[in-house]
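One letter stands for each residue in the lines below.
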Amino acid sequence: QGLSGHTAATAMARYYGPGRGKALSIAGLGFPLGEAFLPLLAAGSILLIGWRWSWVGVGVLAIILFGPLLVIILGHSGAEMDPGRAVPRDAPAPGKGVEAVAPEAAPSWNRMQVLRDPTFWFAIPLALLSPFWVTGIFLYQTGVGAWKGWSLPLMAAAFTAFALARVVVSLASGGLVDRFSARRIFPFYALPLAAGLGLLIVFDGKWAAFAFMACLGVTVGMGGTVKPALWAELYGIRNLGSIQSMMTAFMAFSTAGSPILVGMALDAGTGLDALLLGAVLTVAAGTLLALRVPLKKQRHSS
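Residues numbered from 1 in each chain as written. Predicted model: local features only at pLDDT ≥ 70, side-chain atom pairs only at ≥ 80, totals over all residues. Heavy atoms only, no water.

(A) Expanded view of the overall build of the chain. Across its full length, the chain carries twelve helices and zero strands. The order of helices and strands in the chain, counted from the N terminus, is α-α-α-α-α-α-α-α-α-α-α-α. Considering the chain as a whole, with its 302 residues, one finds that 40% of them fall into the buried category. Pairs at least 24 residues apart make up 82% of the contacts formed inside the chain by residues separated by at least 6 positions. Only carbon and sulfur atoms are counted for the fraction: they give 72% of the accessible area of the chain, which is about 16,000 Å². (Helix = DSSP H or I, 4+ residues; strand = E, 2+ residues; numbered from the N terminus. Buried < 20%, exposed > 50% of the residue type's maximum accessible area, 1.4 Å probe, protein only. Contact = heavy atoms within 4.5 Å. Areas by Shrake-Rupley, 256 points an atom, 1.4 Å probe, with all protein chains shown as cover.)

Here is the structure:
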């Protein structure tokens, strides 16, 4: 699961240059579409042939259909199989007044250089805060619903707002990244999350459940596009796979630690209102740190 999403985001960010925002936003639709349709398909399959044969069917499809199809599609261009020849597709073409952009012309940081870069540590808190808090809130959503007086069917229905907001904003944010750059958008992508948490603290009406989930969907949809594009803009595409995999590992630790830390806070007697206020403050702090991300490409000494 982690490798498939990581591979898709890296490929889009590497090979589409100035158009990477749109490419990332379109490729990112796989997540919400899968969340919307795969449970229905799985439930129907289990009813028809049982859960064991459903798993067998998934394995067979992966082996005889999706695997070969992926190799065939990638083989048409060739460059995707050779990262050393990766030139962004929207780079200027030779003979039109501007020389083509070679991979060597862009910054080409490796993983250790990224870890030594102060800019990375200004960006990483905000990059991890949204998956941390979204995971924690989703896991304890029954507690949130009981605290607000919302029924479980209402909470389940509110996920529709989350999914719709995620899809719409994912598509819209791709064009914004291409127009303004991920470096300009990134510091503000988690503000809708903070706004949603604020709504959750203040309001108890049923409408607030849908508004809150929509705000979460905005941040998740925007983050899926903005964050991979940010690493490509800051550190180049040559080693983007290793940089993106490092970020995937950081995010896995963030989402794994969230249920533990949130649960410990609740067991210690921390009220949900205080916990959510702390979440808003951490997002605000992460936003302030992310404003230190430079708006121009960085250079490093070899």
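That was the structure; now back to the text.
(B) Seen up close, the pattern of salt bridges. Evaluated as defined, the whole model comprises three salt bridges. As a salt-bridge pair, Asp 178 and Lys 22 come within 3.0 Å of each other at their nearest N and O atoms. With Asp 178 in helix H7 (residues 152–180) and Lys 22 in helix H2 (residues 20–27), the pair connects residues that are 156 residues apart, well separated along the chain. Overall, Asp 178 belongs to the partly exposed group, its relative accessible area being 22%. What makes Lys 22 partly exposed here is its relative accessible area of 46%. (Salt bridge = Lys/Arg side-chain N within 4 Å of Asp/Glu carboxyl O.)

(C) Spotlight on the nonpolar core. Judged by nonpolar contacts, the single largest core of 60 residues is most densely connected at Phe 120, Trp 133, Phe 186, Leu 230, Trp 231 and Tyr 235. Elements with a contribution of two residues or more to this core: helix H1 (2–15), helix H5 (118–139), H7, helix H8 (182–185), helix H9 (191–202), helix H10 (206–235), helix H11 (240–267) and helix H12 (272–290). The dominant element in this core, judged by the number of residues it contributes, is H10, at 13 residues. Beyond its immediate chain neighbours, meaning those up to four positions away, Trp 133 contacts Val 262, Leu 275, Gly 278, Ala 279, Thr 282 and Val 283. (Core = buried A, V, L, I, M, F, W, Y, C linked by side-chain atoms within 4.5 Å.)

(D) Summary view of the layout of surface pockets. Of the volumes computed, that of the second largest pocket is approximately 440 Å³. Lining the second largest pocket are 14 residues, and of these Leu 38, Ala 42, Ser 54, Trp 55 and Val 58 lie nearest its centre. Looking at the lining of the second largest pocket, its residues break down into eleven nonpolar, three polar and no charged. (1 Å grid on protein atoms, 1.4 Å probe; cavity = no way out; pocket = protein on both sides within 12 Å on 5 of 7 lines; lining within 4 Å. Points joined across faces, edges and corners; volume = space filled by probe spheres on them. Nonpolar A, V, L, I, M, F, W, Y, C, P; charged D, E, K, R; others polar.)

(E) Here's a closer look at the side chain of Ser 181. Relative to the helices and strands, Ser 181 is located in the loop between H7 and H8. Setting aside residues no more than four positions away along its own chain, Ser 181 makes contact with Leu 176 and Glu 233.

(F) Spatial organisation of the side chain of Gln 244. Along the chain, Gln 244 falls in helix H11. Aside from chain neighbours lying at most four places away, what touches Gln 244 is His 6, Ala 9, Thr 10, Pro 228 and Trp 231.

(G) Representation of the confidence of the model for the chain. For the chain, the average pLDDT comes to 83, and 87% of its residues sit at 70 or higher. Long-range and interchain partners of residues 90–105, a stretch whose pLDDT sits below 50, account for 17 contacts in this model, where long-range means more than four residues apart. (pLDDT = per-residue confidence, 0-100.)

(H) Fine view of helix H6 (residues 141–148). Along H6, the residues that are buried comprise Val 144, Gly 145 and Lys 148. Angularly, the buried residues of H6 cover 100 degrees about the axis, an arc narrow enough to put them on a single face. For H6, the elements touching its buried residues are H7, H9 and H12. Immediately downstream of H6, the backbone of Gly 149 shows phi near 80 degrees, a positive value. (Arc of directions from axis to C-beta.)

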